[in-house]
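Coordinates in review
What follows is the residue order along each chain.
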Amino acid sequence: MQTKGSPSCCCSFEDYNLTTEWLLNHTSQRPKVAVICGSGLGLLADGAANKQTFRYQDIPNFPVSTVAGHEGCLVFGTIEDTSCVFMQGHFHLYEGYSLCQVTFPVRIFKLMGVETVLVTNASGAICPDYKVGDIMIIKDHINLPGFAGQHPLFGPNDERFGTRFPCMSDAYSKDLRRLAGQVCSELGCSGFLREGVYCMVSGPNFETIAEARMLQVLGCDSVGMSTVPEVTVAKHCGLRVLGLSLITNMVSLDYSREEKVNHDEVLQIGKMRAEVLQRVVTELISRCSINTH
Ligand SMILES: O=P(O)(O)O[C@H]1O[C@H](CO)[C@@H](O)[C@H]1O
């Protein structure tokens, strides 16, 4: 496999197979649900039992995490009867990885037998009604880097994973969104629960005010630097997807606003909401298997 910075797909089917075989030989878990933990949200794995952890650097072909708040561990475990795998830390374009590398784990999960992917992230609110600490069920997304030619499915299509032209109008499972809404209200989160449109930007800088205003005009409710590539690849290979975004900051839409966003603040809000998010994720997973596609 090529290293950082490749423009289009740099992973062959053999690369995916080798990593899958390695993992299947090193764990007896056969996960049905994968959870991708966003910035500061690695604690989501704490709800699992019978945990077995691998550091990314020890897994053949796996990229490594380079950003604070991303532990860089793959954790297998069980929640009730459901076997799961948690990515404590995911990868970003701004780290210098190609989108093929960013999405590499998703295809590994598919080959391991995963059926459902739960993506989580930290994002900034564009919608002025949102508040810091809100949990947003992702209803839809805008792939801004994709418009500029940065797309994880660029290059020859491998039909073993999916079709050349995947449909994205139902990227986020309606059933799972409904279930997430139910679980959140049962756990007392209705007061800070939202549903909205997430927009991916490449980062690593946070938005200028003019950019933020543009995103608002485009219909975005929140903005972040991840998730969309993983969801696109997951949907391409037939996985069902649920996305939860934690609103960690308000994006400045106004030149008179003095606050400046920074990554430490993002991680701090992650810590503040980690426990409640963990309960939501654990409950969702325990109910996932009894809910069909
Ligand atoms: O999307 P995740 O990785 O959760 O994190 C978000 O927070 C980081 C910026 O603080 C960026 O990585 C952005 O994408």
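Residues numbered from 1 in each chain as written. Predicted model: local features only at pLDDT ≥ 70, side-chain atom pairs only at ≥ 80, totals over all residues. Heavy atoms only, no water.

1. Here we look at the side chain of Q101
- Summarising the element assignment, Q101 is placed in helix α2 (residues 99-102).
- Among the polar contacts made by the side chain of Q101, one reaches the main-chain amide nitrogen of S98 at a distance of 3.0 Å. (Helix = DSSP H or I, 4+ residues; strand = E, 2+ residues; numbered from the N terminus. Polar contact = N/O pair within 3.5 Å; in protein donor to acceptor, adjacent residues only side chain to side chain.)

2. Section: the packing of helix α5 (residues 174-186) against helix α8 (residues 263-288)
- Direction vectors running N to C along α5 and α8 enclose 130°, while the axes themselves pass 10 Å from each other. Accordingly, the angle class assigned to the pair α5 and α8 is oblique. Handedness of the α5/α8 crossing: right-handed. Contact residues: α5 offers L176, L179, A180, Q182, V183, C184 and E186, while α8 offers V280, E283, L284, R287 and C288.
- Classifying every residue of the contact of α5 with α8 by side-chain character gives eight nonpolar, one polar and three charged. (Axes fitted to C-alpha atoms, helices over the stretch in contact; angles between N-to-C directions. Parallel < 35°, antiparallel > 145°, perpendicular 65-115°, else oblique. Left-handed = near helix turned anticlockwise from the far one by under 90°. Contact = heavy atoms within 4.5 Å. Nonpolar A, V, L, I, M, F, W, Y, C, P; charged D, E, K, R; others polar.)

3. Considerations on the UniProt feature "domain: Nucleoside phosphorylase" (unreviewed entry) in the chain
- UniProt annotation of "domain: Nucleoside phosphorylase" (unreviewed entry) refers to residues 32-285 when read in the numbering used here.
- This span, residues 32-285, is 28% helix and 26% strand, and a straight line between its end C-alpha atoms measures 10 Å. (UniProt positions renumbered as here; feature names shortened; annotations may be inferred.)

4. Description of the confidence of the model for the chain
- Residues of the chain with pLDDT of at least 70 account for 95%, and the chain-wide mean is 93.
- For this predicted complex, the interface confidence reaches an ipTM of 0.99, while the overall pTM sits at 0.94. (pLDDT = per-residue confidence, 0-100.)

5. A look at α5
- With 13 residues, α5 extends 18 Å from end C-alpha to end C-alpha; this agrees with the ideal 18 Å at 1.5 Å per step.
- With a side-chain oxygen positioned 3.3 Å from the backbone nitrogen of D175, the residue opening α5 is S173.
- G188, located one to two residues past α5, shows a positive phi value of around 80°. (Expected span 1.5 Å × (residues − 1).)

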